[in-house]
Amino acid sequence: MFRTIQIATVLIIAVFLIQSCAEKKPAEVNKNVQYVSGADEVTYLKLGKEITDTVGKTLKSNLVKAMENGGPVNAVTFCNSEAMELTAIYSDKYNTEVKRVSDNNRNPANVASEVELAVLADFNQSLSNGEPVAPKVAIDLEGRKNYYAPIFTGGVCLSCHGNEKNIQPEVVAVIDSLYPLDKAKGYTANEIRGIWSIKFKNS
Ligand code: HEC
């Protein structure tokens, strides 16, 4: 009898633990992000936008040029050699760390961290609620400010990030040979492809 009660108690505790873990999970993930508001938010939203506008414009115009010069196969090689270099140049210029990261990353160097995944989840939540997906500023464990902004897919992206209908087989071949662990195919237009993640090193 006593043993039955013991087993029953253990079972009840186990069920309770499993349930509370399952319920806690989303909250735990989001605890990793501390968004800031007020003057700091205004300052870093402005700086972040300045940087992503500049880097984004350069990336996009170089991409379009590369596509015009040799089609998507040529442009893949451009993205492969220049995208990381460009973000590095701007990182030095503004004393920041500028990254483009994703939950479905192509380059293994662009994998989203736990905090970045939580930000991505928040952005996707806003998107599915039909709310505006606005950039955010957060403070990290070292007290530095971080800027996050969504990167949306448009029609032009699908020739390298879309599904079989959008990507030419020879493009798939180049992508797969350069990025054997690629997760960045299968997108449609107006989805969140990833985020800009900028750490202000002096903040
Ligand atoms: C010509 C092919 C091509 C096109 C078109 C293209 N991309 Fe990419 N994309 C790539 C390649 C290749 C990489 C990996 C770059 C690297 O190695 O840093 C990449 C990486 C990225 C990344 C960084 C995260 C990751 O997965 O590594 C983002 C974000 C991204 N692309 C968004 C876009 C968006 C948005 C568009 C449309 C405006 C677009 N791409 C159009 C080929 C392309």
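That block above? That's the structure.
Remember, predicted model here, so these are calculated numbers, not experimental data.

(A) Inspection of helix α5 (residues 169-178) at higher detail. The complete set of buried residues in α5 reads V171, V174 and I175. End-on view of α5: buried residues confined to an arc of 95°, all on one side of the axis. Residues P169 and S177 are exposed on α5 and point more than 90 degrees away from its buried face. Residues of α5 that are buried in the fold lie against α2 (39-93) and α4 (158-161).

(B) Molecular detail of the sheet that holds strand β1 (residues 34-35). If you trace the five strands from one edge of the open sheet to the other, you get β1-β3-β4-β5-β2, paired in antiparallel fashion. Looking at the sheet topology across the chains shown, the edges are occupied by β1 and β2 (96-101). Here β1 pairs with strand β3 (residues 136-139) via two bridges, running antiparallel. Pairing of Q34 across the sheet is with I139, part of β3. Lying on the sheet, α2 is in contact with β2, β3, β4 (145-152) and β5 (192-200); it crosses β5 at an angle near 130°. Seen against the sheet, helix α3 (residues 114-128) touches β1, β2, β3, β4 and β5 and runs at an angle of roughly 130° to β5.

(C) How the structure looks around the coordination of the iron atom of the ligand. The sole protein-derived ligand of the iron atom of the ligand is H161 (NE2), positioned 2.1 Å away. Relative to the assigned elements, H161 resides in helix α4.

About the criteria used
- Residues numbered from 1 in each chain as written.
- Predicted model: local features only at pLDDT ≥ 70, side-chain atom pairs only at ≥ 80, totals over all residues.
- Heavy atoms only, no water.
- Buried < 20%, exposed > 50% of the residue type's maximum accessible area, 1.4 Å probe, protein only.
- Helix = DSSP H or I, 4+ residues; strand = E, 2+ residues; numbered from the N terminus.
- Arc of directions from axis to C-beta.
- Contact = heavy atoms within 4.5 Å.
- Pairing = 2+ DSSP bridges.
- Axes fitted to C-alpha atoms, helices over the stretch in contact; angles between N-to-C directions.
- Donors = N, O, S within 2.8 Å, 3.2 Å for Na, K, Ca; no water.

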